[in-house]
Amino acid sequence: MVKDVKKQIRQLRGEIREHDYLYYVLNQPKISDHQYDKLFAELKELEQANPQFITPDSPTQRVSERPLEGFTSIRHSVPMLSMDNTYNAEELRAFDERVRKQLGSEDYDYVVELKIDGLAISLRYERGQLVTAATRGDGEVGDDVTANVRTIKAIPLVLFGDGKIPDVLEVRGEVYMPTTSFIELNRLRAEAGEPAFANPRNAAAGSLKLLDAKITAARNLSFFAYATGELSEPLAANHYQTLEKFKKLGLPVNPKIKRAKNIDEVINICLSWTERHSKLNYHIDGMVIKINRFDQRDVLGATGRAPRWCISYKFPAERAETIVESIDVQVGKSGILTPVANLTAVQLSGTAVKRASLHNFDELNRLNVGVGDTVVIEKAGEIIPQVIEVKAKAAVNVPFEVPTQCPICGSAVARDEEGVYIRCLNPDCLGQLKERLKYFAGRGQMDIEHLGDALIGQLVDTGLVRDLADLYKLKKSDLIGLDRMGEKSADNVIKAIRKSEKRALARIIAGLGIRHIGGQSAQILSEHFGTFPAFMAASEEELANIDQVGPTMARSIREYFNKQMDLLRELLKYLNPPPKTQRTDKLEGVTIVVTGTLENFTRQQAEQAIRQAGGKAPSSVSKKTDFVLAGKEAGSKLDKAQKLGVTVINEKQFLEMLVTKGEQ
Ligand code: IVH
């Protein structure tokens, strides 16, 4: 009898999983909602009567009853990289040229995908069961959002397949909110007097960061799988096959994915989606073009934060018409005054736009923009919307006065050397400070969560923070008592600040907001200097001699040092970036395959270290392999190395090779 119940439960679960798959993954339901609900109720009843048989992988167990206290972190075993962008056919061809050059005479093909505008997530399956789900975070460490991700019906809790699933299989993809669900959610929020989400991506991100999975479950999120992370054994030899495998395992793969034999085919696919992507029921902001074969991806490798084997193609900016309601003057982080138009809200590229930059006062004059005018606005990529032209002047013309004082601190302003920008000359202007803090804490820089604009405003206005380093002196007790700041929120802010102390050097350099130094230059500087003190000690001459830095940046950095050395010394007391290995030739001509779990590196980091030392780090073992670096639980690659007689080294030996010569 008991055995029968167990069997019945197993069978019902199997049926429900199959129907979930048909409905949520294939979009081809075979039974009515009513029939499905009946099956589900039957399973629930049986489980309630026999709770000893309830297992976490049961379809009834997607939504956890208890809300979380907070999110813990998960370190990605293989980092989640970002992607370089292109904006036109010419840039796509240039990408293809670089690929061709690096792959020599070899043939290669592409896979072209939609660039889903959601939230990247890494799902970890162990022996076919979903064990964790993490957000991308900074690419190295993300938030554990397992409880919320389990509520997404398109994501299987158990993979299909007859035992032929790698023990560890990390699946990466995008969680998104279908447009219809987004519109419905905002309608409900408006009814309830809650603020609307600006776009489906924010709605998806907000829904995944809820502590109560019951609310997430009601948000109708979905998922497309597009890559693997850690794998205990290879799933396939190329990307297209991987996606085919995904489908067999019951994972949702976007049905529009196409193979392309050459860059012309890639461009055609990209252009055709430029015309029709707005008809999809999910938002996409471009296309992703990937080299298909994994061995070729290995050869191409990665630069900084992005692989060389893939590129995104961003759709051209969309435009919309709206009315200028008023014009404000904002003070930027280096004191530049920028006129900003407040607009009647309008939908643009999936976002509700209420403000647009007018760049500077010359531009404002050139455009001849005034309050009440109808204007055309445009949004390009991640950049804030801009006013392109005036479509119709207002009936009554209100001339705009160019400011003669800083709107925040009232100090004198002056045109700068190039004569375009007007700057607030007060180095202690609190408006500038707020912007510097916002930039420092921003996603591309120190990525300090919970430190939003409103809180930064309060920290500065109350005098708690007078420079960047003051952030690191904040205590929980300083925060409690600020607006909307309870115990829990204060804890979260302090934790996020602590977490940022370990950010990479490139992020710190970028976060300082030195003129002419953006993310890319910061990366180059960080690779050159390796440590914060070495960077601080750099002379103008040394800086100017670095490839891709040059005299303008060098002068700007030295000017910054001259003014801000005290601040840098203060920051140095708190910030503790991980040491960076510098490019050397220690492993010139040496091929090392990395396998298993290492203690000090993720596999990708070890491979990067090998490449930085001039070596090669392919993913499979062959006769050409010089060494196999084997960590714990090394599997088939280790077997193969032993079979081929390739020397196997451990992590300690590897570390020694990085500092001595690559010979044994
Ligand atoms: S592949 C190394 N494929 O785009 C990059 N990413 O701008 C591996 N994204 O963080 C990602 N659709 O969130 C890939 N079909 C797709 C994608 C996709 C959307 C997102 C992803 C990533 C971001 C990079």
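Residues numbered from 1 in each chain as written. Predicted model: local features only at pLDDT ≥ 70, side-chain atom pairs only at ≥ 80, totals over all residues. Heavy atoms only, no water.

S.K.: Even after reading the chapter, I still don't get the overall build of the protein, so can you show me in this structure?
M.R.: For the protein, the helix and strand inventory stands at 23 helices and 23 strands. In summary, the protein has a C-alpha radius of gyration of 27 Å against a globular reference of 26 Å for 664 residues, a match within 12%. Overall, the protein is about 85 × 70 × 60 Å in size when its C-alpha atoms are taken along their principal axes. Considering only contacts in the protein between residues 6 or more positions apart, those separated by 24 or more positions represent 67%. With an accessible surface of roughly 33,500 Å², the protein has 50% of that area assigned to carbon and sulfur atoms. (Helix = DSSP H or I, 4+ residues; strand = E, 2+ residues; numbered from the N terminus. Rg over C-alpha atoms; globule rule 2.2 N^0.38 Å. Contact = heavy atoms within 4.5 Å. Areas by Shrake-Rupley, 256 points an atom, 1.4 Å probe, with all protein chains shown as cover.)

S.K.: Looking at this structure, I do not really get the packing of aromatic side chains. What am I missing?
M.R.: Aromatic ring pairs: the centre-centre distance and the angle between the two ring planes describe each pair. Under the definition given, this model contains 14 aromatic pairs. Between the aromatic rings of Phe-224 and Tyr-282, the centroid separation amounts to 5.4 Å while the plane-to-plane angle is 70°, which identifies the pairing as edge-to-face. On the criterion of sequence distance, the pair formed by Phe-224 in strand E8 (residues 222–231) and Tyr-282 in the loop between helix H9 (263–276) and strand E10 (284–291) is long-range, its members being 58 residues apart. Of the residues examined, Tyr-282 reaches a relative accessible area of 11% and is grouped as buried. Ring pairs connect the aromatic residues Phe-95, Tyr-108 and Tyr-110, which therefore count as one cluster. It is Arg-259 that lies over the ring of Tyr-240; its NZ or CZ is 3.9 Å from the centre. The cationic tip of Arg-297 hangs over the ring face of Trp-309; the distance from NZ or CZ to the ring centre is 3.9 Å. (Phe/Tyr/Trp six-rings, centres within 6.5 Å; stacked < 30°, edge-to-face > 60°. Buried < 20%, exposed > 50% of the residue type's maximum accessible area, 1.4 Å probe, protein only. Lys NZ or Arg CZ within 6 Å of the ring centre and 35° of its normal.)

S.K.: Mind showing me how you'd approach the sheet that holds strand E5 (residues 129–135) here?
M.R.: Through backbone hydrogen bonds, the strands of a sheet pair up, either in parallel or in antiparallel fashion. Sheet architecture is open: four strands sit in the order E5-E4-E7-E8, paired in antiparallel fashion. Taken across any chain shown, the strands that pair with only one partner, and hence form the sheet edges, are E5 and E8. Across the sheet, the axes of successive neighbouring strands diverge by a mean angle of 30°, strand direction being ignored. Summarising the sheet, strand E7 (residues 168–176) and E8 pair through seven bridges and their orientation is antiparallel. By the bridge assignment, Glu-174 is partnered in E8 with Phe-224. Contacting strand E4 (119–126) and E7, helix H6 (residues 200–208) crosses the sheet at an angle of about 40° to E4. Packing against the sheet, helix H8 (residues 239–248) makes contact with E7 and E8, and its axis sits at approximately 120° to E8. (Pairing = 2+ DSSP bridges. Axes fitted to C-alpha atoms, helices over the stretch in contact; angles between N-to-C directions.)

S.K.: Just checking my understanding: could you explain the confidence of the model for the protein for this structure?
M.R.: Low-confidence regions, as indicated by low pLDDT, have predicted coordinates that should not be scrutinised in detail. Model confidence for the protein is summarised by a mean pLDDT of 90, while 97% of its residues fall at 70 or above. Averaged pLDDT values over the elements of the protein bottom out at 76 in helix H21 (residues 603–612) and peak at 98 in strand E3 (residues 110–116). (pLDDT = per-residue confidence, 0-100.)

S.K.: Explain the site of the ligand here, please?
M.R.: The environment of the ligand is made up of 14 residues, and the closest members are Glu-113, Ile-116, Glu-174, Tyr-226 and Lys-290. Between the ligand and the protein, one listed contact pairs a nitrogen atom with a side-chain N or O atom of Lys-290 at 3.0 Å. In isolation the ligand offers 520 Å² of accessible surface; the protein chains occlude 86% of this area. The element contributing the most residues to the shell around the ligand is E3, with four residues. Its residues assigned to classes, the shell around the ligand shows eight nonpolar, one polar and five charged. (Near = heavy atom within 4 Å. Polar contact = N/O pair within 3.5 Å; in protein donor to acceptor, adjacent residues only side chain to side chain. Nonpolar A, V, L, I, M, F, W, Y, C, P; charged D, E, K, R; others polar.)

S.K.: What is the right way to read the pattern of salt bridges from this model?
M.R.: Once the charged atoms of two side chains with opposite charge are near each other, the side chains can pair. According to the stated counting rule, one finds 37 salt bridges in the structure shown. Across the pair Lys-391 and Glu-321 runs a salt bridge whose closest N-O atoms are separated by 3.6 Å. With Lys-391 in strand E18 (residues 386–392) and Glu-321 in strand E14 (residues 318–331), this residue pair connects regions lying 70 residues apart in the sequence. Lys-391 sits in the partly exposed class, given a relative accessible area of 49%. Residue classification places Glu-321 among the partly exposed positions, given a relative accessible area of 44%. Two residues, Asp-470 and Lys-473, come together in a salt bridge whose shortest N-O distance is 3.4 Å. Accessibility expressed as a relative area gives 14% for Asp-470, which makes it buried. Within this structure, Arg-124, Glu-126, Glu-170, Arg-172 and Glu-230 form a network of salt bridges that share partners. (Salt bridge = Lys/Arg side-chain N within 4 Å of Asp/Glu carboxyl O.)

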